[in-house]
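Single-letter residue listing:
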Amino acid sequence: MSRGNVIYPIGVVYLKILYYDCFCGISGDMNLGAMADIGVDTEYIKSELSKLSISDDFDVVFNKSEKKGISGTKADVVLKKHEHPHRHLKDVYKIIDDSDLNENIKKISKRIFENIAIAEGKVHGKPVEKVHFHEVGAIDSIVDVVGAAICYDSLDIDGVYSSSVQVGGGFVNCAHGKIPVPAPATVELLTGIPIKTGLVDGESTTPTGAAILKSLADGFTNSLSMDIKKTGYGLGTKDFDVPNVLRVYIAEIEDKKKVDEIQYMIEANIDDMNPEHYSHLEEKLFEGGALDVYKTQILMKKSRPAVKLSILCSEDRVENMEEVVFLHSTTLGVRKYKVEKSMLVRKIIKLKTQWGDVRVKQGFYKGRLLKQKAEYEDCLKIAKDNNLELDKIYRQIYRQL
Ligand SMILES: O=C([S-])c1cc(C(=O)S)c[n+]([C@@H]2O[C@H](COP(=O)(O)O)[C@@H](O)[C@H]2O)c1
Ligand code: NI
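Residues numbered from 1 in each chain as written. Chains lettered and ligands numbered in written order. Predicted model: local features only at pLDDT ≥ 70, side-chain atom pairs only at ≥ 80, totals over all residues. Heavy atoms only, no water.

Caption draft 1: Spotlight on the packing of aromatic side chains. Evaluated as defined, the whole model comprises three aromatic pairs. A ring pair is formed by Phe113 and Phe133, whose centres lie 5.8 Å apart and whose planes are at 55°; its orientation type is tilted. Of this pair, Phe113 sits in helix α4 (residues 103-124) while Phe133 sits in the loop between α4 and α5 (139-155); the two residues are 20 residues apart in sequence, bridging distant segments of the chain. Exposure class is identical for Phe113 and Phe133. Each is buried. Measuring from centroid to centroid gives 6.2 Å for Tyr394 and Tyr398, while their planes differ by 15°, and the two rings are stacked. Taken together, the positions of Tyr394 and Tyr398, both in helix α11 (residues 390-400) and four residues apart, correspond to about one turn of that helix. Accessibility expressed as a relative area gives 36% for Tyr398, which makes it partly exposed. It is Lys110 that lies over the ring of Tyr93; its NZ or CZ is 5.3 Å from the centre. (Phe/Tyr/Trp six-rings, centres within 6.5 Å; stacked < 30°, edge-to-face > 60°. Helix = DSSP H or I, 4+ residues; strand = E, 2+ residues; numbered from the N terminus. Buried < 20%, exposed > 50% of the residue type's maximum accessible area, 1.4 Å probe, protein only. Lys NZ or Arg CZ within 6 Å of the ring centre and 35° of its normal.)

Here it is, written out as structure tokens:
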């Protein structure tokens, strides 16, 4: 197969990704600028942001400019009134929840703010609900965070990856006074993420930028084999010796997901549990990472009717699954064994229908599309919202595929 000048081997599935090259760090406004620069429509970003109840208090402006000869987009949140924000996480959640933004944008925005609150809570020794946002709960941060979610949602990508993150050095002045760089909240947010320090004397990565990466990135690597399709540069505010820009790519990578893998089957025969408790147990197992949970009716010794509980999970979840079973069921022991699984390479696409988007799961065998299945939950929602028979929705989708 050939696309442009590139020869693609038959039988390989490609994923569209967003890659963050944070050689000079990341902040909320650099991210917004980079997203606009890579092609997210700025009018769309503004119209989505206008759905926030605080939208009368700010304007967002995007300007083409340059840093050290690299041209890119500078995003600025212009405040229309002075504010002294003293918001808690619930106040920020309310602003997000009260808007008409789509559920995915709300979910991502809240995930980013939750990560900021967890980090702030750790630094200031407070539970998440008691965290008092200062700068990071201000209008410009809300715009940066919700803006990041709006752009991510609109890009329609399969994953997000990032390079190691340059955090800078020295000290910075903020509501807490003079604090070291990286700021304590940034350090918490980037724990477990590869960082680099000291390229510049200043704060090249802010808590908001770090929270965006932590919440969106599926992985961090400086050596990714990718085929770049588009590049964008988001400009920072300060001037350093190096270009203070965030570089982003839309790229394609080979889907390296293992087709065949080893998983674990955990089983327990249970003859003494209140049947009402199974749904709670199942919920806990799925929350803990179970890939599948099912029950089989069995007859045990002394002719006791019983249930064989079967849980399929990856190796790293085995201990977790056992803990859930011991805490939430009556069993005194479990059996476990390795199982070999063969799976089709799967990809989820969004299909546009007359009623809205429907997710369709595709299965590939040796690169050939073998199966396509519309997501039941999406079809059910359309059927309910439009008072239509479920089967009609399925028929229409399969006509389009
Ligand atoms: O607002 C608060 S509580 C705050 C906490 C911290 C900690 O590290 S704790 C740091 N800061 C600094 O405020 C500015 C703004 O950050 P944004 O992410 O909103 O751009 C930045 O210099 C932070 O280091 C604020
Ligand atoms: Ni703080």
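There's more to say after this.
Caption draft 2: Structural detail: the packing of helix α2 (residues 42-49) against α5. Where α2 contacts α5, the two axes come as close as 10 Å, and the packing angle between them is 125°. With respect to each other, α2 and α5 are oriented oblique. The two elements α2 and α5 cross, and the hand of that crossing is right-handed. Where α2 approaches α5, its residues Tyr44, Ile45, Glu48 and Leu49 are matched on the opposing element by Val143, Val146, Gly147, Ile150, Cys151, Asp153 and Ser154. For the contact of α2 with α5, the class distribution of residues is seven nonpolar, two polar and two charged. (Axes fitted to C-alpha atoms, helices over the stretch in contact; angles between N-to-C directions. Parallel < 35°, antiparallel > 145°, perpendicular 65-115°, else oblique. Left-handed = near helix turned anticlockwise from the far one by under 90°. Contact = heavy atoms within 4.5 Å. Nonpolar A, V, L, I, M, F, W, Y, C, P; charged D, E, K, R; others polar.)

Caption draft 3: Fine view of the coordination of the nickel ion (ligand 2). Bound to the nickel ion (ligand 2) are the protein donor atoms Glu120 (OE), His124 (NE2) and His176 (NE2), situated 2.2 Å from the metal. Along the chain, the residues donating to the nickel ion (ligand 2) fall in the pattern E-x3-H-x51-H. Pair noted here: Glu120 and His124 are both in helix α4, with a separation of four residues, about one helical turn. Looking at His124, the relative accessible area reads 35%, which means it is partly exposed. (Donors = N, O, S within 2.8 Å, 3.2 Å for Na, K, Ca; no water.)

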